[in-house]
Amino acid sequence: MPRIPIAANTASTVTINGRDLVAFGGCNYLGLGHHPDVKASVVRAMDYLGLTTSASRETSGNTLEHELLEAELAQFLGMEASILMPEGYTANLALAQALAAPEAWPAGGGDPPVAVIDEKSHRSIRNAVEASGFEVADFEHLSAADAMRVIRRHTDRRVCVWTDGVFAADGAIAPLPGLLAAMPRNNALLVVDDCHGFCVLGTRGRGTCEHFGISDPRILWTSTLAKGLGCYGGAVASSRRLIGVVRDHAGIYKGTTPVPPILAHAAREALRVIDREADLVSRLEANVRRIRRSLAAMGLPVEDSPSPVMTFVLDSAERMRSFYDRLIAQDVFIPLIDYPNGPAPLYFRLSVCAMHSPGQIDHLLRSLETALADTASLACQARAAG
Ligand SMILES: Cc1ncc(COP(=O)(O)O)c(C=O)c1O
């Protein structure tokens, strides 16, 4: 599908070609990118900080805002320390560069380290481990049993299991307890890229680990700050010792300009909003529950899950294009995408935000029902052809 130029947006609407549509796409899951306190914090910080540091942090581009955000983010997550990166993509690369260094593994082990990754991991994970010299072995999507089979082939090696917490392209939640159980106690680490779980899952929005109620020293965390938190940037969180290794060994950290300090300031405010307005996470959860149940009742193939990402396909590409057009005609935008690792080459990725009002959700559900009925004849044609 072609890219669509959005002229303006709110947490739950987009303006396209002069028309306002209710939007069920994107990853601003709590609406924090449009929260008045978060927006005001950017303006406030603009008074005493410029747009960019114009230098890397280890030269002259380190600000108090960066250091405070690192401390507050670690505290928010219940981890010892964190380090900021320019984006979520570079957070994975920075961590892989650090884990490729022997200093990251006090117990030693054969070279090169092995990255055992979910076959549908985000491309930033695969790129990161390949570019950092890991031997890479895939396991079956969401299968802890298959991860164990792969790990057992490498018992004498340093092993790093790597997965998305919530998968962007199908909304599935990684089986973190099973993955931990599949790993040996020594010389094995579990990296969770929680770009789509952070601020979303768990009763306090801490993410996929909170969802499962797990905390384990073998878990390392990476994320973007641009999705649930509504800001920009990325981060790695883990033990103080490993964060020191990232700082010392990740070339991508040393050689890049950090997240703009005004956005680091905004991210600090966004973290505070999540704790101040605890109902944001529960509103998201309630919206997700309502939409998932209604979609399933309409016969769309979605499961019961707290994940705000729902993907579905219809009988044929022709029906999906027609369905998409009929939604747009009713002022509803659900992206029809061909992003990798989804359930099919072309699919709908519907995502939910805490700021969707009950009226907007009513409108979505009515529009979906109408579009399903209006395109039913295309389903019959697809079945006859198939
Ligand atoms: C799972 C996952 N990891 C990493 C990234 C990259 O984050 P960023 O956009 O901050 O680079 C994304 C999406 O953008 C993602 O979905």
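Asks: Explain the site of the ligand to me, using residue names and the numbers behind them.
Replies: For the ligand, the set of nearby residues contains 13 residues, the closest of which are G88, Y89, D193, H196 and T224. Within the backbone of Y89, an N or O atom sits 3.0 Å from an oxygen atom of the ligand. Alone, the ligand offers 390 Å² of accessible surface; in the complex the protein occludes 84% of this. Assessed atom by atom at 2 Å from the grid points, the ligand resides in the largest pocket. For the shell around the ligand, the class distribution of residues is three nonpolar, six polar and four charged.

Asks: Lay out the sheet that holds strand β11 (residues 309-312) with the relevant residues and their values.
Replies: Reading across from one edge, β11-β14-β13 is the order of the three strands in this open sheet, with antiparallel pairing throughout. Since the sheet does not close on itself, it has two edges, and those belong to β11 and β13 (336-337), each with one partner. Inspection of the sheet shows β13 paired to strand β14 (residues 347-351) by two bridges, in the antiparallel sense. Paired with L336 across the two strands is F348, which belongs to β14. Contacts between helix α11 (residues 279-297) and the sheet are confined to β11 and β14, with β11 contributing the most and set at about 15° to the helix.

Asks: Please set out the sheet that holds strand β5 (residues 110-118) residue by residue, giving values where relevant.
Replies: Pairing within the open sheet is mixed, and its seven strands lie in the order β4-β10-β9-β8-β7-β5-β6. Two strands lie at the open edges of the sheet, namely β4 (81-85) and β6 (135-139), each paired on one side alone. Recorded for the sheet is a direction-independent mean angle of 20° between the axes of neighbouring strands. As judged from the four bridges shared by strand β9 (residues 219-224) and strand β10 (residues 234-238), these two strands associate in the antiparallel manner.

Asks: Before we move on, can you summarise the pairing of strand β8 (residues 188-193) with the specific residues and values?
Replies: Buried residues dominate β8, accounting for six of its six residues. Residues A188, L190 and V192 of β8 are buried on one face, and the alternating residues L189, V191 and D193, pointing to the opposite face, are buried as well. Relative to β8, strand β7 (residues 157-164) is paired through six bridges, and the arrangement is parallel. Residue pairing across strands places V161 opposite L190, the latter belonging to β8. In the classification by handedness, the crossover that spans β7, the intervening helix α6 (residues 176-182) and the parallel β8 is right-handed. Bridge count between β8 and β9: four bridges; the pairing is parallel. In the sheet register, D193 faces β9, and the bridge partner there is T222.

Asks: An account of the environment of T90 is needed here, citing residue identities and associated values.
Replies: Considering the arrangement of structural elements, one finds T90 in helix α3 (residues 88-99). Taking the C-alpha atoms as reference, T90 lies 7.0 Å from I252; in sequence the two are 162 residues apart. Among all residues touching T90, those that are not within four sequence positions of it are M85 and I252. For T90, the side chain forms a polar contact with the side chain of E87, separated by 2.7 Å.

Asks: Any details on helix α5 (residues 144-152)? Residues and values, ideally.
Replies: Among the residues of α5, those classed as buried are A144, D146, A147, V150 and I151. Looking straight down α5, one finds that the buried residues subtend no more than 155° of arc, so they occupy a single side. When the buried face of α5 is taken as reference, the exposed residues oriented beyond 90 degrees from it are A145 and R152. For α5, the elements touching its buried residues are β5, β6, β7 and α6.

About the cut-offs
Residues numbered from 1 in each chain as written. Predicted model: local features only at pLDDT ≥ 70, side-chain atom pairs only at ≥ 80, totals over all residues. Heavy atoms only, no water. Near = heavy atom within 4 Å. Polar contact = N/O pair within 3.5 Å; in protein donor to acceptor, adjacent residues only side chain to side chain. Areas by Shrake-Rupley, 256 points an atom, 1.4 Å probe, with all protein chains shown as cover. 1 Å grid on protein atoms, 1.4 Å probe; cavity = no way out; pocket = protein on both sides within 12 Å on 5 of 7 lines; lining within 4 Å. Sits in = over half its atoms within 2 Å of the grid points. Nonpolar A, V, L, I, M, F, W, Y, C, P; charged D, E, K, R; others polar. Pairing = 2+ DSSP bridges. Helix = DSSP H or I, 4+ residues; strand = E, 2+ residues; numbered from the N terminus. Contact = heavy atoms within 4.5 Å. Axes fitted to C-alpha atoms, helices over the stretch in contact; angles between N-to-C directions. Buried < 20%, exposed > 50% of the residue type's maximum accessible area, 1.4 Å probe, protein only. Right-handed = clockwise from strand over helix to strand, strands pointing away. Arc of directions from axis to C-beta.

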